[in-house]
Amino acid sequence: QVQLVESGGGLVQAGGSLRLSCAASGSIFSINAMGWYRQAPGKQRELVAAITSGGSTNYADSVKGRFTISRDNAKNTVYLQMNSLKPEDTAVYYCNANLRPLSHLPAYVYWGQGTQVTVSS
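Okay, so let's go over this structure.

Cut-off values and rules
- Residues numbered from 1 in each chain as written.
- Predicted model: local features only at pLDDT ≥ 70, side-chain atom pairs only at ≥ 80, totals over all residues.
- Heavy atoms only, no water.
- Helix = DSSP H or I, 4+ residues; strand = E, 2+ residues; numbered from the N terminus.
- Buried < 20%, exposed > 50% of the residue type's maximum accessible area, 1.4 Å probe, protein only.
- Phe/Tyr/Trp six-rings, centres within 6.5 Å; stacked < 30°, edge-to-face > 60°.
- Lys NZ or Arg CZ within 6 Å of the ring centre and 35° of its normal.
- Pairing = 2+ DSSP bridges.
- Axes fitted to C-alpha atoms, helices over the stretch in contact; angles between N-to-C directions.
- Salt bridge = Lys/Arg side-chain N within 4 Å of Asp/Glu carboxyl O.

Considerations on unusual backbone geometry
Inference 1: Although it is not a glycine, Asn76 sits at a positive phi angle of roughly 50°.
Inference 2: Examined against the element boundaries, Asn76 turns out to sit in the loop between β7 (67–72) and β8 (77–82).
Inference 3: You can call Asn76 partly exposed: its relative accessible area is 24%.
Inference 4: Of note, the phi angle at Ser84 is positive, near 50°, even though the residue is not glycine.
Inference 5: Following the sequence through the fold, Ser84 ends up in the loop between β8 and β9 (91–100).
Inference 6: With a relative accessible area of 43%, Ser84 lands in the partly exposed category.

Now the structure itself:
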């Protein structure tokens, strides 16, 4: 059984910073890409940032220059450093991972339970 557990969300004032973490645990053979998505009330879930196993990154235009995604492959953990936060960054943030639980199985996408980020003006 694979689990993704996020931490680090909370309430912060505009201009502040937060760091989200997401640790994958359980039966894991290999992890390909990992990423962060967010969903604000009444809106669709959107990609925030993603990172491949080799370290290549991709960001939504709205967060470029403010957010940084990184990962620690030894710990099966992905991070999202969020700086210069804006009220429009308020959302539930979800991490996901494209991983193979066992060597003989294909890759699946797993999701965390989400962590709330609220930015006050």
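Focus on the packing of aromatic side chains
Inference 1: For the structure on display, the rule yields two aromatic pairs.
Inference 2: Look at Tyr37 and Trp111: their rings are 5.0 Å apart centre to centre, the planes differ by 65°, and that puts the pair in the edge-to-face class. Of this pair, Tyr37 sits in strand β4 (residues 30–39) while Trp111 sits in strand β10 (residues 108–111), and the two are 74 residues apart along the sequence.
Inference 3: One Lys or Arg, Arg19, reaches over the ring of Tyr79 and ends 4.1 Å from the middle of that ring.
Inference 4: Here the basic side chain of Arg45 rests over the ring of Tyr94, its NZ or CZ set 3.7 Å away from the ring centre.

Looking at the sheet that holds strand β1 (residues 2–7)
Inference 1: If you walk across this open sheet you meet the four strands as β1-β3-β8-β7, and the pairing is antiparallel. Each edge of the open sheet is held by one strand with a lone partner, namely β1 and β7. Pairwise comparison of adjacent strand axes, ignoring direction, gives a mean angle of 15° for this sheet.
Inference 2: By the bridge criterion, six bridges tie strand β3 (residues 18–26) to β8 in an arrangement that is antiparallel. Bridge pairing in β8 links Leu18 to Met82.

Comments concerning the pattern of salt bridges
Inference 1: Counting across every chain of the model gives four salt bridges.
Inference 2: A salt bridge links Arg38 to Asp89; its shortest N-O distance comes to 3.0 Å. Highlighted residues: Arg38 in strand β4 and Asp89 in the loop between β8 and β9, separated in sequence by 51 residues.
Inference 3: Given a relative accessible area of 6%, Arg38 falls into the buried group.
Inference 4: Here Asp89 falls in the buried class, since its relative accessible area comes to 1%.
Inference 5: For Asp89, the salt bridge goes to Arg66, with nearest N and O atoms at 2.8 Å. Pair noted here: Asp89 is in the loop between β8 and β9 and Arg66 is in the loop between β6 (57–59) and β7, with a separation of 23 residues, a long-range link.
Inference 6: Residues joined by salt bridges that share partners form a network here, namely Arg38, Glu46, Arg66 and Asp89.

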